[in-house]
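Inside the fold
Letter by letter, the chains look like this.
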Amino acid sequence: EAGVTQSPTHLIKTRGQQATLRCSPISGHTSVYWYQQALGLGLQFLLWYDEGEERNRGNFPPRFSGRQFPNYSSELNVNALELEDSALYLCASSLGRGRTEAFFGQGTRLTVV
Amino acid sequence: KQEVTQIPAALSVPEGENLVLNCSFTDSAIYNLQWFRQDPGKGLTSLLLIQSSQREQTSGRLNASLDKSSGRSTLYIAASQPGDSATYLCAVSNNNDMRFGAGTRLTVKP
């Protein structure tokens, strides 16, 4: 069974551009979480989607947004990129609105130059 | 807002030692607590999940306990090996989100 897949693996953008990151959950999982992990720092909660709805968002500016599609895959968009947006972006999926085990993808390394 | 704290931030032990990692959280209204390991620059690997109604879970050399009323969990690693070197993270889930501690960086020296 395929795990959580994220694409692309690496992404290089210039300041001011937009970035789109994608996450495909494990088959049957309806919840997708997004996190930002800057170099040497912990995981900062970005967004939680469940069954197509945004359930919660972390303390990030509105230029961080996303959506969840009918097949439960998800997209994270970052507009007006800033240098400090450079980080590893991780997504996780689970069943049952957070009540079951969560599994992570390998992440997208975003570099803003 | 749920706050998760992990102690110690870093730990270095010789191979073969038993060790304990600690995790504490401020809001006891949780669905579950999960322990992960992360190798440098990689994603997270799930180690153990403890539901809020459970007291402990075991997998191989790993044993995790949960005391929901006091907001604490411990991860016990028996007979540590160099391959256990990684950052260990705990995460608590509730009806709002899944929040992580900052992690404990473990180094097991041969």
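Here, every reference points to the structure presented above.
Residues numbered from 1 in each chain as written. Chains lettered and ligands numbered in written order. Predicted model: local features only at pLDDT ≥ 70, side-chain atom pairs only at ≥ 80, totals over all residues. Heavy atoms only, no water.

Some remarks on the interface of chain B and chain A
Keep this limit in mind: In what follows, residue pairs with any heavy atoms lying within 4.5 Å of each other are defined as contacts. Two parts placed together each lose some accessible area under a 1.4 Å probe, and the buried area is that loss summed for both. Note on definitions: salt bridges are taken to be side-chain nitrogens of Lys or Arg within 4 Å of carboxyl oxygens of Asp or Glu. Distance and chemistry together define a polar contact, namely a pair of N or O atoms within 3.5 Å, with one atom able to donate a hydrogen and the other to accept it when in protein, and with adjacent residues in sequence counting only for side-chain atoms on both sides. Helix and strand labels come from DSSP, where a helix needs a run of H or I of at least four residues and a strand needs a run of E of at least two; each type is numbered from the N terminus. Classification used: nonpolar for Ala, Val, Leu, Ile, Met, Phe, Trp, Tyr, Cys and Pro, charged for Asp, Glu, Lys and Arg, polar for all others including Gly.
Every contact between the two is made by 21 residues of chain B and, on the other side, 20 residues of chain A. Buried surface at the junction of chain B and chain A, both sides included, amounts to about 1,700 Å², of which 53% is carbon and sulfur. Taken as a group, Tyr31, Leu44 and Met98 of chain B account for 28% of the area that chain B buries against chain A, more than any other trio of residues on that side. One can count zero salt bridges joining chain B with chain A. Summed over the shared surface of chain B and chain A, the result is ten residue pairs in polar contact (both at pLDDT 80 or more). Of all elements in the fold, only strand S4 (32-38), strand S5 (44-51), strand S9 (86-93) and strand S10 (98-100) of chain B reach the threshold of two or more residues within the side of chain B that touches chain A. In terms of residue class, the side of chain B that touches chain A is made up of seven nonpolar, eleven polar and three charged.

Thoughts on the pattern of salt bridges
Let me state the cut-off plainly: Here's how the labels work: a residue is buried when its accessible area is under 20% of the maximum for its type, exposed when over 50%, partly exposed in between, all with a 1.4 Å probe on protein chains only.
Following the criterion strictly, the structure yields nine salt bridges over all chains and no others. Arg63 of chain A is the partner of Asp85 of chain A in a salt bridge, and the nearest nitrogen-oxygen pair spans 2.7 Å. You can see Asp85 of chain A sitting in the loop between strand S8 (74-78) and strand S9 (87-94) and its partner Arg63 of chain A sitting in the loop between strand S6 (53-57) and strand S7 (64-68), a full 22 residues away along the chain. Arg63 of chain A carries the same exposure label as Asp85 of chain A, and that label is buried. The partner of Asp84 of chain B in a salt bridge is Arg61 of chain B, and the shortest N-O contact between them spans 2.9 Å. Pair noted here: Asp84 of chain B is in the loop between strand S8 (72-77) and S9 and Arg61 of chain B is in the loop between strand S6 (56-59) and strand S7 (62-67), with a separation of 23 residues, a long-range link. Here the salt bridges share partners, and the residues they tie into one network are Arg22, Arg67 and Glu75 of chain A.

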